[in-house]
Amino acid sequence: VLYVDHNATAPILPAVRDAIEPLLGEAFANPSSPYGAARRVRERLEEARAQVASSVGAAPSEVVFVSGGTEAIEAALWGVAMGGEAERPHIVTARDEHTATLSVARWLAERGVAELTEIPVDADGHWTPADVLEALRPHTRIVSLMHANNETGVLHPIAEVARALGGRATLHVDAVQTWGKIPLDVNQLGCDLLSLSAHKIGGLKGTGALVVRGGTRLEPLIRGGLQERGRRGGTENAVGIVAMGCAASHLPERLRQAPAIRALRNRLEAGCLTQGDARINGTEPRVGNTVNVEFAGVDAESLLIRLDLAGICASSASACTTGTARPSHVLTAMGRTPAEAMGAVRFSLGPEHTDQDVDRLLEALREAVPLARE
Ligand SMILES: Cc1ncc(COP(=O)(O)O)c(C=O)c1O
């Protein structure tokens, strides 16, 4: 199988399997229990916390482990919206955000808990810091923006937004699609909250982290016990957390491969454009692994079935919305018509890919695109 869907999830690293093996056997104790066997599990959790923290330039005490990117984002939006004095705080986000963000923000707005402004994106998938500033109101409490878009790979200018905001609102960044693709540093980004997901970098699904910078006011989304210093209740997912720490510790290696991945992506993209009547959605700056290509007159679902039969795994939009046969909200926000958006597929590469893989994919497209056009 040729797996070119890294933005949906990445293969689990062999080192991660080795790291979690003991936790599936004798190291099963509850890390909060008062005996040596539990303390040894606790030590592994704290090691993982330090590994995740160091991968983004944060302090270990700023890392709160949660059940994934979706929970991290909900904990950030809900936790800030609920955590202040003003009634009906104002939230700013953007039209191309992941549904993890949009669904919470819209739910809070529909319930009358918050007011919401969604900034638009242009035809190339970008917004500007000026768009964010324009959306601000006196009672804006949180600005929640993604660092890179999962469908197009478009990178957003977070550090500039942070400088422009100058602390007027809490800044949350969904960095799920940049972690492991470009170097990340919370100090350089200047954000207050950062969401991460383990399974996009070779860890396990169902584990993530919310990085909470010192001084950020946040109501816990999940109360329960005093785990995670009272910031997220529930017995810790020790296996997932140790896996996440291990995957984070391998990021320098992954980042060293980024230029090679970008070169493969560029070759793939150039090859896609020779299929006739094709265009790339999203312009630079972008993360280097993602191709969003739209083939005119093609039904992406039928193209993906043909690729699947050829042993190639790729997506049409974000995996969470596949199966619903609705055009991507990201592409329609960029001004594509529903029919155009339905003709777009996404290929996302990872460190295991080679020139031969790109050749194989292009060969498969040469056969499948004309058939999917009929
Ligand atoms: C940009 C973005 N944000 C959030 C998420 C949600 O992360 P998770 O799958 O860990 O809940 C994803 C993954 O689909 C994503 O691509």
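The coordinates are above.
Here the structure is a predicted model, which is why all the values come from computation and not from measurement. (Residues numbered from 1 in each chain as written. Predicted model: local features only at pLDDT ≥ 70, side-chain atom pairs only at ≥ 80, totals over all residues. Heavy atoms only, no water.)

Let us now look at helix H11 (residues 300-309). Taken together, the buried positions of H11 are Ala-300, Leu-303, Leu-304 and Leu-307. For H11, the buried positions fall inside an angular range of 100 degrees around the axis, keeping them on one side. Of the exposed residues in H11, the ones pointing more than 90 degrees away from its buried face are Ile-305, Asp-308 and Leu-309. A positive backbone phi angle near 80 degrees is found at Gly-311, which sits one or two residues after H11. (Buried < 20%, exposed > 50% of the residue type's maximum accessible area, 1.4 Å probe, protein only. Helix = DSSP H or I, 4+ residues; strand = E, 2+ residues; numbered from the N terminus. Arc of directions from axis to C-beta.)

Taking burial as the measure, the five residues of strand S7 (residues 193-197) include five buried ones, the bulk of the element. The side-chain alternation of S7 yields two buried faces, one formed by Leu-193, Ser-195 and Ser-197 and the other by Leu-194 and Leu-196. Where strand S6 (residues 170-174) meets S7, three bridges bridge the pair, whose relative direction is parallel. Its bridge partner being in S7, His-172 is matched across the sheet by Leu-193. Relative to strand S8 (residues 208-212), S7 runs antiparallel, the two being bridged by five bridges. By the bridge assignment, Leu-196 is partnered in S8 with Ala-209. (Pairing = 2+ DSSP bridges.)

This part covers the sheet that holds strand S10 (residues 290-295). Reading across the sheet, the three strands line up as S9-S10-S12 and stay open at both edges, with antiparallel pairing between neighbours. Looking at strand neighbours, the two that pair on one side only are strand S9 (278-280) and strand S12 (344-348), the edges of this open sheet. Between one strand axis and the next, the sheet turns by 25 degrees as a mean value, whatever way the strands run. Of the strand pairs in this sheet, S9 and S10 are connected by three bridges, and their pairing is antiparallel. (Axes fitted to C-alpha atoms, helices over the stretch in contact; angles between N-to-C directions.)

A few words on the environment of Asp-124. Relative to the assigned elements, Asp-124 resides in the loop between strand S4 (115-119) and helix H5 (129-135). On the basis of relative accessible area, Asp-124 is assigned to the partly exposed category, the value being 36%. Residues Asp-124 and Ile-280, spaced 156 residues apart in sequence, show a C-alpha to C-alpha distance of 9.4 Å. Beyond its immediate chain neighbours, meaning those up to four positions away, Asp-124 contacts Val-154, Gly-282, Thr-283 and Met-334. (Contact = heavy atoms within 4.5 Å.)

Our next topic: the packing of helix H3 (residues 69-81) against helix H4 (residues 99-110). Where H3 meets H4, the closest approach of the two axes is 9 Å, and the angle between their N-to-C directions is 30 degrees. By the angle between their axes, H3 is roughly parallel relative to H4. You can see that H3 and H4 cross each other, and the crossing is right-handed. From H3, Thr-70, Ile-73, Glu-74, Leu-77, Trp-78 and Ala-81 reach across to H4, where they touch Ala-100, Thr-101, Val-104 and Leu-108. Grouping the amino acids of the contact of H3 with H4 by side-chain chemistry returns seven nonpolar, two polar and one charged. (Parallel < 35°, antiparallel > 145°, perpendicular 65-115°, else oblique. Left-handed = near helix turned anticlockwise from the far one by under 90°. Nonpolar A, V, L, I, M, F, W, Y, C, P; charged D, E, K, R; others polar.)

Once that is clear, we can look at the environment of Ala-372. Examined against the element boundaries, Ala-372 turns out to sit in helix H14 (residues 355-373). According to the relative accessible area criterion, Ala-372 is buried, its value standing at 6%. When sequence neighbours within four positions are dropped, the list of residues in contact with Ala-372 reads Gly-297, Val-298, Asp-299, Ser-302, Leu-303 and Arg-306.

Further remarks concern unusual backbone geometry. Residue Pro-285 is bonded to the preceding Glu-284 through a cis peptide linkage, with omega at 0 degrees. The phi dihedral of Glu-228 is positive, around 50 degrees, even though this residue is not glycine. With respect to the helices and strands, the residue Glu-228 is situated in the loop between S8 and helix H8 (238-249). The backbone of Asp-277 sits at a positive phi, close to 50 degrees, despite the residue not being glycine. One can find Asp-277 in the loop between helix H10 (258-273) and S9. Residue classification places Asp-277 among the exposed positions, given a relative accessible area of 61%.

Within the secondary structure layout, Thr-9 lies in the loop between strand S1 (2-3) and helix H1 (14-24). A polar contact is formed between the side chain of Thr-9 and the side chain of Lys-205, at a distance of 3.4 Å. (Polar contact = N/O pair within 3.5 Å; in protein donor to acceptor, adjacent residues only side chain to side chain.)

Under the criterion given, the structure shown has 21 salt bridges. The salt bridge involving Arg-42 is made with Glu-46; its shortest N-O contact spans 3.2 Å. Taken together, the residues Arg-42 and Glu-46, both in helix H2 (residues 36-55) and four residues apart, mark about one turn of the helix. For Glu-46, a relative accessible area of 32% puts it in the partly exposed group. Residue Arg-223 is joined to Glu-219 by a salt bridge in which the shortest nitrogen-to-oxygen separation is 2.5 Å. Look at the salt bridges and you will find they share partners, linking Arg-42, Glu-46, Arg-49, Glu-228 and Glu-236 into a network. (Salt bridge = Lys/Arg side-chain N within 4 Å of Asp/Glu carboxyl O.)

Bringing the sheet that holds strand S5 (residues 140-146) into the picture now. Spatially, S2-S8-S7-S6-S5-S3-S4 is the arrangement adopted by the seven strands of the open sheet, whose pairing is mixed. At either end of the open sheet lies a strand with only one pairing partner, and these are strand S2 (63-66) and S4. Averaged over all neighbouring strand pairs, the angle between strand axes comes to 20 degrees, with direction disregarded. Against the sheet, helix H6 (residues 158-165) touches S5 and S6, its axis set at about 175 degrees to S6.

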